[in-house]
Amino acid sequence: MSRSRASAQASEARERYREMSVAEFFAKNKELAGFANPTRALYQTVRELVENALDATDTHGILPEITIIIRERPDLEPGGSERVTRYTVTVEDNGIGVPATEIANAFGKVLYSSKYVIRQTRGMYGLGVKAAVLYGQATSGQPVEVVSAPIGSPYVYMKKLFIDMKKNKPVIVEEAQWKRRGRWHGTRVSITLQGDWPRARSRIVEYVKRTAIIAPYATITLITPEGVVYHYPRTTRKMPKPPREAKPHPHGIDLEQLKLIIINTKAKTLKDMLVTEFQSVGEKTATDFLREVGLDADMDPKKLLERGNGRKLSLLADKLRTYRGFRAPRSDYLSPIGEELIKIGLQRMFSPEWVGAVTRSPKAYEGHPFIVEVGIAYGGAIKPMEEPLLLRYANKIPLLYEEREDVSWKVLSRINWRLYGVEFPAPLVVLVHIASTKVPYKGVGKESISEVPEIESEIRAAIQEVARGLRIYLSRKRREAEVRRKIVSIAKYIPEIARSLAVLSKPPDKWSPPEPGEERSIIDSLVRIVAENVEVPQVNGETADPIQIVRSVIENVRVEER
Ligand code: ADP
Ligand code: MG
């Protein structure tokens, strides 16, 4: 091989390196954020906007009022043979609004967020709305339009912007501001994108419906491209207590996070740093801990960052993660929905004959607190199905895709429902909600939750707890049916016996057909005798009146005879 050919081959084998901005990365890997195709993209856009709207309302103690409008945009159809449909998705909320100075970055810079704190919010990656904006600008050429009236601001601000993919920066193409008239505060966001409404319709409608189940305190309206209006007015003004921001728990910290804490802390001693920068660490715990680790409590924490102290630093990080003496992560920062609201939500959407719910006590995995809640609805208007209908939620977001990959599905599919008196096909709905400052999603599209053992066992325990209530209800119901059957078998003879007795109770020479009054009083006494001798179980916490039951049986028997 000649020299020049060899070097040409070598240069071909050389790779070309360059950097990619995070905006470009997500624009090129749309499926990672849930934008795999026009159907998913439309669904995901609605979802990201609704999540932000809810985070801007109930997370701040505001009763949410959210309107979602999806419009077809024939004016943006390309000419020729290409057949694509564009839609504008507009979501308006009555939330806290976005400060004028933050609008551009919040909607135009990937990984920019107000939610990078330890708090139970729906958003957590700083990505959602930007993924929708990127998809929108790539498929429709239209900018995102944001109109926001921040709480307390005398102005309303409007900005239209694109994302500069290479620089991961907003490019504002139009902006305006005007004096606020009226009392509206909140945000309205419009994103135009290529979508497939006919295919996405059922999922989007289901998403809105399931959001209304978990947030019965919200008023949610969806207006579809056909002009169909789905309106879910709030059925209660009771709201869960909003989540609060927490400090990190030592068990959830790794070496890099520890370095950041040390860089940012104002504490002058190691002990002080532990007490002020972490939750669940008091003075005494800090002292005990540092003694056990063998570090000087009065040392300046910044010293740990100096060369030569690397071993000490990683020792500290390791011990923080594993030390057993810290209190459990604080969970009073979390915002579960609560048993009452879960029951209200299930009741309004399914009109079941029985509903039960439980909010379990808080647990933790890797230093992150979480709470599992379960609601079960049975019977009534629910149609019997081959398997239970599972409604999955994480931090009050409904999860619709990737059901079979979700930890809740795994647990639910292993529940033996016969133990609870349920035989399939059965009218059974199971709602599972996981609230946490860190939900372990499997991907940034936030559709399924990983099989964290601590979460798995809590879900199982929660389902079992509520299912036991269902079992009690069903066995009472069965007993009542049994009693009814017995009553029927006796009571159906009552009218006949009464008639005969009315005749026989007279002396033979006075025999004549009984008067209606005579017969009635005999029936009454027979009814009383039967009723006194049956035990009527409670159903739904009420005891039925046995006399009523026997009477209704007699009535029905008569009707049947006729
Ligand atoms: P995330 O929700 O994960 O923070 P997003 O990209 O969806 O990421 O949103 C970025 C930020 O924009 C949010 O953290 C929030 O501060 C702000 N934001 C978006 N939508 C709204 C809204 N409707 N009301 C108030 N703030 C909003
Ligand atoms: Mg978001």
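Before any of the text, the structure's been laid out above.
These numbers come from a predicted model, not from an experiment.

Draft legend 1. Structural view of the overall build of the chain. Each helix and strand counted, the chain has 16 helices and 16 strands in total. Since a compact globule built from 562 residues should have a radius of gyration of about 24 Å, the 33 Å found for the chain marks it as more spread out than a globular shape. Across its three principal axes, the chain shows a C-alpha extent of roughly 135 × 75 × 70 Å. Here the chain, with 562 residues, has 49% of them falling under the buried criterion. Of note, the chain has its 88 positive side-chain charges centred 4 Å away from the centre of its 71 negative side-chain charges.

Draft legend 2. The arrangement of the pairing of strand β1 (residues 65–72) in detail. Pairing analysis gives five bridges linking β1 to strand β7 (residues 219–223), with the strands arranged parallel. Note on β7: the bridge partner recorded for isoleucine 69 is isoleucine 223. Pairing between β1 and strand β2 (residues 86–93): six bridges, direction antiparallel. Residue pairing for β2: isoleucine 68 is matched across the bridge by valine 91.

Draft legend 3. Expanded view of the pairing of strand β11 (residues 368–378). With eleven of eleven residues buried, β11 lies mostly within the body of the structure. Burial along β11 is two-sided: the residues His368, Phe370, Val372, Val374, Ile376 and Tyr378 and Pro369, Ile371, Glu373, Gly375 and Ala377 are all buried. Direction of pairing for strand β10 (residues 363–365) relative to β11: antiparallel, over a ladder of three bridges. Residue pairing for β11: alanine 364 is matched across the bridge by proline 369. Between β10 and the antiparallel strand that follows it, β11, lie two residues; glutamate 366 among them carries a positive phi value of about 45 degrees. Note that β11 and strand β14 (residues 428–436) share nine bridges and pair antiparallel.

Draft legend 4. Here's a closer look at helix α5 (residues 128–140). Counted at 1.5 Å a residue, the expected span for α5 with its 13 residues is 18 Å, and the 18 Å between its end C-alpha atoms agrees. Gly128, Val129, Lys130, Ala131, Ala132, Val133, Leu134, Tyr135, Gly136, Gln137, Thr139 and Ser140 are the residues of α5 that are buried. Directly after α5, the chain includes glycine 141, whose backbone phi takes a positive value near 70 degrees.

Draft legend 5. View of a nonpolar patch on the surface. The grouping of Met20, Phe25 and Leu32 at the surface amounts to a nonpolar patch, some 240 Å² of accessible area in total. Relative to the elements of secondary structure, methionine 20 occurs in the loop between α1 (3–13) and α2 (22–28). Here methionine 20 falls in the partly exposed class, since its relative accessible area comes to 36%.

Draft legend 6. Inspection of the side chain of threonine 139 at higher detail. Note on placement: threonine 139 falls in helix α5. For threonine 139, a relative accessible area of 13% translates into the label buried. Side-chain polar atoms of threonine 139 contact the backbone nitrogen of glutamine 194, separated by 3.0 Å. Not counting residues up to four positions away in its chain, the partners in contact with threonine 139 are Arg86, Leu193 and Gln194.

Draft legend 7. Here's a closer look at the site of ligand 1. Around ligand 1 there are 20 residues in total, and Asp93, Ser113, Ser114, Lys115 and Lys130 lie nearest to it. Within the side chain of lysine 115, one N or O atom sits 2.7 Å away from an oxygen atom of ligand 1. Contact distances for ligand 1 include 3.1 Å between an oxygen atom and a backbone N or O atom of valine 129. Taken by itself ligand 1 offers 530 Å² of open surface, and the protein chains cover 93% of this.

Draft legend 8. Region of interest: the nonpolar core. Core analysis: the biggest nonpolar cluster contains 111 residues, and Ile68, Leu346, Val374, Ile376 and Trp417 have the highest contact counts within it. Filtering out sequence-adjacent residues up to four positions away, leucine 346 remains in contact with Ile213, Ser351, Pro352, Val355, Gly375, Ile376, Ala377, Leu391, Val429 and Leu431. Ranked by size, the runner-up nonpolar core spans 23 residues in total, among them Leu274, Val281, Met299 and Phe326.

Draft legend 9. Geometry of the packing of aromatic side chains. Counted according to the given criterion, the structure contains eleven aromatic pairs. Seen in terms of ring centroids, tyrosine 155 and tyrosine 157 are 6.4 Å apart; in terms of plane orientation they differ by 50 degrees. Their pairing is tilted. Given a relative accessible area of 14%, tyrosine 157 falls into the buried group. Taking 5.1 Å as the distance between ring centres and 45 degrees as the angle between the ring planes, the aromatic pair formed by phenylalanine 289 and phenylalanine 326 counts as tilted. On the criterion of sequence distance, the pair formed by phenylalanine 289 in helix α9 (residues 283–293) and phenylalanine 326 in the loop between α10 (310–322) and α11 (339–350) is long-range, its members being 37 residues apart. Neither residue differs from the other here; phenylalanine 289 and phenylalanine 326 are each classed as buried. Counting every residue linked through ring pairs, the aromatic cluster contains Tyr43, Tyr207 and Tyr401. If you follow arginine 40 out to its NZ or CZ, it ends over the ring of tyrosine 401, 3.8 Å from the centre. If you follow arginine 203 out to its NZ or CZ, it ends over the ring of tyrosine 401, 4.1 Å from the centre.

Conventions and cut-offs
Residues numbered from 1 in each chain as written. Chains lettered and ligands numbered in written order. Predicted model: local features only at pLDDT ≥ 70, side-chain atom pairs only at ≥ 80, totals over all residues. Heavy atoms only, no water. Helix = DSSP H or I, 4+ residues; strand = E, 2+ residues; numbered from the N terminus. Rg over C-alpha atoms; globule rule 2.2 N^0.38 Å. Buried < 20%, exposed > 50% of the residue type's maximum accessible area, 1.4 Å probe, protein only. Lys, Arg positive; Asp, Glu negative; His and termini not counted. Charge placed at Lys NZ, Arg CZ, Asp CG, Glu CD. Pairing = 2+ DSSP bridges. Expected span 1.5 Å × (residues − 1). Patch = residues over 30% accessible without salt bridge, like charges linked within 9 Å, V, L, I, M, F, W, Y side chains within 5 Å. Areas by Shrake-Rupley, 256 points an atom, 1.4 Å probe, with all protein chains shown as cover. Salt bridge = Lys/Arg side-chain N within 4 Å of Asp/Glu carboxyl O. Polar contact = N/O pair within 3.5 Å; in protein donor to acceptor, adjacent residues only side chain to side chain. Contact = heavy atoms within 4.5 Å. Near = heavy atom within 4 Å. Core = buried A, V, L, I, M, F, W, Y, C linked by side-chain atoms within 4.5 Å. Phe/Tyr/Trp six-rings, centres within 6.5 Å; stacked < 30°, edge-to-face > 60°. Lys NZ or Arg CZ within 6 Å of the ring centre and 35° of its normal.

Read these as spatial facts, not as claims about activity.
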